[in-house]
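Observations on chain architecture
Chain by chain, the residues:
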Amino acid sequence: MRVAVIGGSGLVGRAVLEILDRHGHESVAVSRSTGVDVISGDGLEAALSGCGAVIDVLNTAAADADGPRRFFTAATQSLLVAERAAGVSHHVVLSIVGVDRIRHNPHYIGKQHQERLARSGPIPATIVRATHFHDFAGMVASGTRDGDSAFVPPLLVQPIDVGDLAEVLVEVAAGPALEDGPLEVAGPELQALVDMARRTLAARGEPVRLTTGWGGPFGVEMAGEVLLPGPDARIAATTFDDWLERQSLAV
């Protein structure tokens, strides 16, 4: 199958392209670096020509209150128009476990709009909701770092390996759209985000003091089990310890 990966130059996109190639599919990387503008649609229909499926792992760093909603809405509308014109038969969207339980995080609100557009669009769609990635804690610590200290919220998560997620996305894209609601995927173990950040920083050799609490985009509505998968989630094999060991070897 010829499969287009929207956001193919990003972390998840690169992993999906690798799995597609490994399984013998023809992969098409779609991003600005390949000359395609998903928002404006420039080059998009041509890039999707001959594709049986599209895997949308596009992301945004927009942090203003309405930026993610505008981004995901524009991108999804543009994609659905181009997919219909190109004859794509399966639209796969990467979303977030717990996305429908959050009301005040701009990124989650943007993903909610993306899901709704995909479900109501003209292309059969599958929503794959994943838990946070193993590197999420380190990303939060890096983003909030101020000198030798950083802020990490006390989230309870069940992190998944990006490679494991890519395998699921490719498997889903190769089949028919799932009609019984979003598919949840998660890692094998519960983790406290603060502990993950502490261990990630230690593996990197970075002596950073961590503070915790609720603030910024991480409100108290994310406390407890809100970000955890349900009982029917698919559970991937790679643990945080496995991932952390790879990071230590890479240092």
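One structure accompanies this document, and this report is about it. (Residues numbered from 1 in each chain as written. Predicted model: local features only at pLDDT ≥ 70, side-chain atom pairs only at ≥ 80, totals over all residues. Heavy atoms only, no water.)

**Here's the deal with the environment of valine 12**
As a reminder of what qualifies: A run of DSSP states H or I qualifies as a helix once it reaches four residues; a run of E qualifies as a strand once it reaches two. Both are numbered from the N-terminal end. To sort residues, take the accessible area from a 1.4 Å probe on protein chains only and compare it with the maximum for the residue type: under 20% means buried, over 50% means exposed, and anything in between is partly exposed. Should any heavy atoms of two residues lie within 4.5 Å, those residues are counted as being in contact.
Mapped onto the elements of the fold, valine 12 is located in helix α1 (residues 11–22). A relative accessible area of 7% means that valine 12 is categorised as buried. Spatially, the C-alpha atoms of valine 12 and glutamine 191 are 21 Å apart, while their sequence positions differ by 179 residues. With sequence-adjacent residues up to four places away left out, valine 12 is seen in contact with Val57, Leu94, Phe133, Val162, Leu165 and Leu169.

**Details of the sheet that holds strand β5 (residues 125–130)**
The criterion, for reference: Pairing between strands requires that DSSP locate at least two bridges from one strand to the other. Axis definition: a line fitted to C-alpha atoms, limited for helices to the stretch in contact. Angles are taken between N-to-C directions and run from 0 to 180 degrees.
With respect to topology, seven strands assemble into an open sheet ordered β2-β1-β3-β4-β5-β8-β11, the strand pairing being parallel. One side of each edge strand has no neighbouring strand; the edge strands of this open sheet are β2 (26–30) and β11 (234–235). Pairing of strand β8 (residues 183–186) with β11 involves two bridges; the strand directions are parallel. Across the sheet, residue valine 185 finds its bridge partner in β11, namely arginine 234. Sheet strands touched by helix α6 (residues 162–173): β3 (53–56), β4 (90–96), β5, β8 and β11. Its angle to β4, the strand with the most contacts, is close to 150 degrees.

**Remarks on the packing of aromatic side chains**
Put simply, the test is: Each aromatic pair joins two rings of Phe, Tyr and Trp (for Trp, the six-membered one) with centres within 6.5 Å, and gets the label stacked for planes under 30 degrees apart, edge-to-face for over 60, and tilted for any other angle.
The full count for this structure, using the stated rule, is three aromatic pairs. Centroid distance phenylalanine 71 to phenylalanine 72: 5.3 Å. Interplanar angle 80 degrees. Geometry classified as edge-to-face. Relative accessible area serves as the criterion here: at 1%, phenylalanine 72 is assigned to the buried category. Geometrically, the ring pair formed by phenylalanine 136 and phenylalanine 218 is edge-to-face, given 6.3 Å between the ring centres and 70 degrees between the ring planes. With phenylalanine 136 in helix α5 (residues 136–144) and phenylalanine 218 in the loop between β10 (209–211) and β11, this pair connects stretches of sequence that are 82 residues apart.

**What about the environment of aspartate 161?**
What counts, and what does not: Two N or O atoms form a polar contact when they lie within 3.5 Å of each other; inside protein one atom must be a possible hydrogen donor and the other a possible acceptor, and for residues adjacent in sequence the pair counts only when both atoms belong to side chains.
Within the fold, aspartate 161 resides in the loop between β7 (156–157) and α6. Between the alpha carbons of aspartate 161 and glycine 187 there is a distance of 6.8 Å; along the sequence they are 26 residues apart. Every residue in contact with aspartate 161, bar those within four places of it in the chain, is listed here: His134, Thr238, Trp243 and Arg246. Separated by 2.7 Å, the side chains of aspartate 161 and arginine 246 make a polar contact.

**Re helix α4 (residues 106–120)**
Residue pairs spaced three or four apart in an α-helix point in one direction, given the helix's 3.6 residues per turn. For the record, the criterion: Residue count minus one, scaled by 1.5 Å, sets the expected span of a helix.
The terminal C-alpha atoms of α4 lie 22 Å apart, and with 15 residues this matches the ideal 21 Å at 1.5 Å per residue to within 8%. Every buried residue of α4 is accounted for by Tyr108, Gly110, Lys111, Gln112, Gln114, Glu115 and Ala118. Buried residues in α4 make contact with β3, α3 (67–86), β4 and β5. Where α4 begins, one side-chain oxygen reaches toward the backbone nitrogen of histidine 107, 2.9 Å away; that side chain belongs to asparagine 105.

**Let's talk about the packing of α3 against α4**
Helix-helix packing is characterised by the crossing angle of the two axes and by the distance between the axes. Counted only if it meets this: Throughout, the term roughly parallel applies to angles under 35 degrees, roughly antiparallel to angles over 145, roughly perpendicular to angles from 65 to 115, and oblique to all others. Note on convention: near helix rotated counterclockwise from far helix by under a right angle means a left-handed crossing. Clockwise means right-handed.
Remark: α3 packs on α4, axes separated minimally by 7 Å, with the N-to-C direction vectors making an angle of 20 degrees. Classed by the angle they form, the pair α3 and α4 counts as roughly parallel. The chirality of how α3 crosses α4 is right-handed. Where α3 abuts α4, its residues Pro68, Arg69, Phe72, Thr73, Thr76, Gln77 and Leu80 lie against Pro106, His107, Gly110, Lys111, His113, Gln114, Leu117 and Ala118.

**Description of the nonpolar core**
For clarity, the cut-off: By nonpolar core we mean a set of buried residues, namely Ala, Val, Leu, Ile, Met, Phe, Trp, Tyr and Cys, connected to one another through side-chain atoms within 4.5 Å.
Grouped together as the largest cluster of nonpolar side chains are 28 residues, with contacts concentrated most on Val12, Val16, Ile55, Leu165, Leu169 and Val185. Secondary-structure elements contributing two or more residues to this core are β1 (2–6), α1, β3, β4, β5, α6 and β8. Among the elements that line this core, the one with the most residues is α6, at eight residues. Counting 27 residues, the second-largest nonpolar core is a separate cluster that includes Tyr108, Ala150, Leu193 and Leu210.

**Things to note about the side chain of glutamine 191**
Following the sequence through the fold, glutamine 191 ends up in strand β9 (residues 191–192). Here glutamine 191 falls in the buried class, since its relative accessible area comes to 12%. In terms of polar contacts, glutamine 191 uses its side chain to reach the side chain of glutamate 189, at 3.5 Å. If sequence neighbours within four positions are ignored, glutamine 191 has contacts with Leu155, Leu156, Val157, Pro159, Met196, Arg199 and Phe240.

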